[in-house]
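# Structure assessment
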Amino acid sequence: MAETTRHSEPRYGNRPTMKDVAARAGVGLKTVSRVVNSEPGVTPDTERRVQEAIDALGFRRNDSARVLRKGRTASIGLVLEDLADPFYGPLSRAVEEVARAHGALLINGSSAEDPEREEELVLALCARRVDGLIVIPAGDDHRYLEPEIKAGIATVFVDRPAGRIEADMVLSDSFGGAREGVAHLIAHGHRRIGFIGDQPRIHTATERLRGYHAAMTDAGITVEDSWVSLGSTEPERVRPAAETMLSGPEPVTALFAGNNRVTVTAVRVLAGRERPVALVGFDDIELADLLGITVISQDAAAVGRTAAEHLFRRLDGADHSPARVELPTRLIPRGSGELRPA
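Residues numbered from 1 in each chain as written. Predicted model: local features only at pLDDT ≥ 70, side-chain atom pairs only at ≥ 80, totals over all residues. Heavy atoms only, no water.

### A word on the confidence of the model for the protein chain
This prediction gives the protein chain a mean pLDDT of 93; 94% of its residues lie at or above 70. Scored below 50 in pLDDT, residues 1–8 makes zero contacts in the model with residues more than four places away or belonging to other chains. (pLDDT = per-residue confidence, 0-100. Contact = heavy atoms within 4.5 Å.)

In structure tokens form, the structure reads like this:
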């Protein structure tokens, strides 16, 4: 067996410095700095020698020193609810594209819908001196961010408003979208319509429930308590909630699902039933077009792009009162929401 060579020096962590480049190229530190920062005053031959030394050593400029001089890091933070949620994929990509166009790096992380983890992540990003933050909030008290905002960190909240502070926000019209989706079911003859939504402490969940109640009230329908279920969106809760609404002598004839995760479970519950049940879901889901699922669609990319553009306008000096931007949703009829009561 070949003998393993042991290195006395650590393999990782010893990055080449400008001093190493200067020694290899036979020039002074100031000359290396000029080459690295594309400053004038260096002859072509000297620049070539310095660049050869940089390539040979694998040197990379340390931007930390530039941050201290300029006060900007050219980086922004994005705090999401759940990196695995398909809604956040196009949103994150849109934010990244805007950041890239402004020469900035995007750093993102997930709060896992935990307010303490959200605060920990946000403050960790602030400690790394990001220039701005885009936050999908998990908590309802964001006073911990006030010192950071006062210190100059631009902040935009997305999908849900900030709690107990005034801040910029970009939202989808959850109330209007849910109202339209439920009205669509009513227009197709349904009066017993179930609503299954997320945790009641979440802004979007309460807004969508409010839209449901508004549509039912508009149609003169009294909502029974058994038609509404809020809580975790895990299948273990959603499935029995749906099955309860669909059972008994007077079951609901239609379901309105409060978000994409609820919709997925509802589709599975309804797939094995003989009696057709109408379904409208809030948020589009993968393969919804092939499965014929009627949805209220949010433009996640537009939400992310709008939030990022707003953030960079703040970074460029826009100084106005906190703004609230609300983007419209869109009803996409595909079949499941057009079924009439059996």
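### Looking at the packing of aromatic side chains
Counted under the stated rule, the structure contains three aromatic pairs. Centre to centre, the rings of F87 and Y88 are 5.3 Å apart; their planes meet at 75°, and the pair counts as edge-to-face. Of the two residues examined, F87 and Y88, each falls in the buried class. Looking at R210, its charged tip hangs above the ring of F175, at a distance of 4.0 Å from the centre. (Phe/Tyr/Trp six-rings, centres within 6.5 Å; stacked < 30°, edge-to-face > 60°. Buried < 20%, exposed > 50% of the residue type's maximum accessible area, 1.4 Å probe, protein only. Lys NZ or Arg CZ within 6 Å of the ring centre and 35° of its normal.)

### Quick word on the sheet that holds strand β4 (residues 154–158)
For sheets, the rule is that strands pair by backbone hydrogen bonds, running either parallel or antiparallel. Within the open sheet, the six strands sit side by side as β2-β1-β3-β4-β5-β11. Their pairing is parallel. The open sheet has two edge strands with one neighbour each: β2 (105–110) and β11 (324–327). Strand-to-strand, the axes of this sheet are offset by a mean angle of 15°, without reference to chain direction. Strands in contact with helix α6 (residues 115–127) are β1 (75–80), β2 and β3 (132–135); relative to β1, the strand with the most contacts, it is inclined by about 175°. (Pairing = 2+ DSSP bridges. Helix = DSSP H or I, 4+ residues; strand = E, 2+ residues; numbered from the N terminus. Axes fitted to C-alpha atoms, helices over the stretch in contact; angles between N-to-C directions.)

### Re the sheet that holds strand β8 (residues 254–257)
Spatially, six strands are ordered β7-β6-β8-β9-β10-β12 in an open sheet, and the strand pairing comes out mixed. The two strands at the open ends of the sheet, each matched to only one other strand, are β7 (228–230) and β12 (330–332). Across the sheet, the axes of successive neighbouring strands diverge by a mean angle of 15°, strand direction being ignored. Pairing analysis gives four bridges linking strand β6 (residues 193–197) to β8, with the strands arranged parallel. For I196, the partnering residue across the bridge sits in β8 and is A257. Helix α8 (residues 174–187) contacts β6, β8, β9 (278–282), β10 (294–297) and β12 of the sheet and is inclined by roughly 170° relative to β9.

### What about the side chain of E207?
With respect to the secondary-structure elements, E207 resides in helix α9 (residues 203–218). You can call E207 buried: its relative accessible area is 16%. Excluding residues that lie within four positions of it along the chain, E207 makes contacts with S174 and F175.

### A closer look at a negative patch on the surface
Taken together, the side chains of D114, E116, E119 and E120 define an acidic patch exposed on the protein surface. Residue E119 is classed as partly exposed on the basis of its relative accessible area of 33%. (Patch = residues over 30% accessible without salt bridge, like charges linked within 9 Å, V, L, I, M, F, W, Y side chains within 5 Å. Areas by Shrake-Rupley, 256 points an atom, 1.4 Å probe, with all protein chains shown as cover. Salt bridge = Lys/Arg side-chain N within 4 Å of Asp/Glu carboxyl O. Lys, Arg positive; Asp, Glu negative; His and termini not counted. Charge placed at Lys NZ, Arg CZ, Asp CG, Glu CD.)

### Some details on the pairing of strand β5 (residues 168–172)
The buried count for β5 comes to five of five residues, which makes it a mostly enclosed element. The alternating pattern of β5 places D168, V170 and S172 on one face and M169 and L171 on the opposite face, and all of these are buried. Note that β4 and β5 share three bridges and pair parallel. If you follow V158 over to β5, its bridge partner there is V170. In this structure, β5 lies alongside β11, joined through four bridges in parallel fashion. Bridge assignment links S172 to a residue of β11, and that residue is L327.

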